[in-house]
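Fold and contact review
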Amino acid sequence: MLTFVILLLIMLSNDVEVNPGPLGGFFSIFHLNIRSMRNKVDYVENISNEADVICLTETHLDENIKNEDILIEGYNRDPYRKDRNSSGGGIIIYISKFIQAKPRPDLDFDNEALWLEITFPSNKLLLCVVYRQPSNNNTFWDKFHESIENAMSYTPNVVITGDVNVDFLTDHSHKIFDIMRLNGLKNVINEPTRFCATRQSLLDPILVSDSCDVYDSHVIRRSCV
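All values reported here derive from a predicted model rather than from experimental measurement.

Some points on the overall build of the protein chain
- Counting secondary structure elements, the protein chain contains 4 helices and 14 strands.
- Sequence separation of at least 24 residues holds for 63% of the intrachain contacts in the protein chain that already meet a minimum separation of 6.
- Approximately 10,100 Å² of the protein chain is accessible, and the part contributed by carbon and sulfur atoms is 45%.

Written out as structure tokens, the structure is:
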């Protein structure tokens, strides 16, 4: 099955009033492990519930797919993306036209990790979307940790989402939990995000720093497309 994760954030009360965004008071992030973006633009548009930010992993895009081929109405005409190839991997971020954002390549630590800086009237948020291949070793986690530390030296408001290929339901001794503890991050997704005949797993967390107030977060289970 595909993975559907949506997160609603209240940043700070003074931001909510002056910058309500498309959801009328909440800044929202939607993550989907799409397993090929090709021919699924309408599908994503229908299920994303007009989130302020749409994050997709395993896009399976390459240079043959242009931005104009995958536009979503109401979002930036040039989504932020990192492609691998048509057979696997890749990430893409769509930003609502109401949101001011810019890439932060100085924080990127992997070919399939993408940081954005999102600006509110009196605050900034750093958002990271990452797809980790299962074969990536400890070097990945060391770079991941360093990247988070650098992000938090800029702003305490940090959100990280994507597919890290660590099962948060069973792999409790994994290095990522030390990274979270050392940086004051919590995972707000507490239910499975992957389903198969014999096993359920949580591979797609949403990690949020203590300074971000979470209003709601949940998983939407749907059948494959």
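Digging into the packing of helix 3 (residues 138–154) against helix 4 (residues 175–183)
- Their axes nearest at 11 Å, the elements helix 3 and helix 4 cross at an angle of 15 degrees. Looking at the two axes, helix 3 sits roughly parallel to helix 4. Remark: the crossing between helix 3 and helix 4 carries right-handed chirality. Judged by residue contacts, Asn138, Trp141, Asp142, Phe144, His145, Ile148, Glu149 and Met152 of helix 3 engage Lys175, Ile176, Ile179, Leu182 and Asn183 from helix 4.

Notes on the sheet that holds strand 8 (residues 124–131)
- Spatially, the 6 strands line up as an open sheet ordered 6-7-8-9-13-10, and their pairing is mixed. Either end of the sheet is taken by a strand with one partner, and the two such strands are strand 6 (100–103) and strand 10 (185–187). In this sheet, neighbouring strand axes are inclined to one another by 20 degrees on average, regardless of whether the strands run parallel or antiparallel.
- Most of the contacts of helix 4 go to strand 10, to which it runs at about 130 degrees, and overall it touches strand 10 and strand 13 (206–209).

Side note on the environment of Gln133
- Positionally, Gln133 belongs in the loop between strand 8 and helix 3.
- Under the relative-accessibility criterion, Gln133 is labelled partly exposed at 27%.
- Here the alpha-carbon distance between Gln133 and Asn165, two residues 32 residues apart in the chain, equals 7.1 Å.
- Apart from residues lying up to four places away in sequence, Gln133 is in contact with Arg84, Glu112 and Asn165.
- Separated by 3.4 Å, the side chains of Gln133 and Glu112 make a polar contact.

About the criteria used
- Residues numbered from 1 in each chain as written.
- Predicted model: local features only at pLDDT ≥ 70, side-chain atom pairs only at ≥ 80, totals over all residues.
- Heavy atoms only, no water.
- Helix = DSSP H or I, 4+ residues; strand = E, 2+ residues; numbered from the N terminus.
- Contact = heavy atoms within 4.5 Å.
- Areas by Shrake-Rupley, 256 points an atom, 1.4 Å probe, with all protein chains shown as cover.
- Axes fitted to C-alpha atoms, helices over the stretch in contact; angles between N-to-C directions.
- Parallel < 35°, antiparallel > 145°, perpendicular 65-115°, else oblique.
- Left-handed = near helix turned anticlockwise from the far one by under 90°.
- Pairing = 2+ DSSP bridges.
- Buried < 20%, exposed > 50% of the residue type's maximum accessible area, 1.4 Å probe, protein only.
- Polar contact = N/O pair within 3.5 Å; in protein donor to acceptor, adjacent residues only side chain to side chain.

This is a description of form; function is not addressed.
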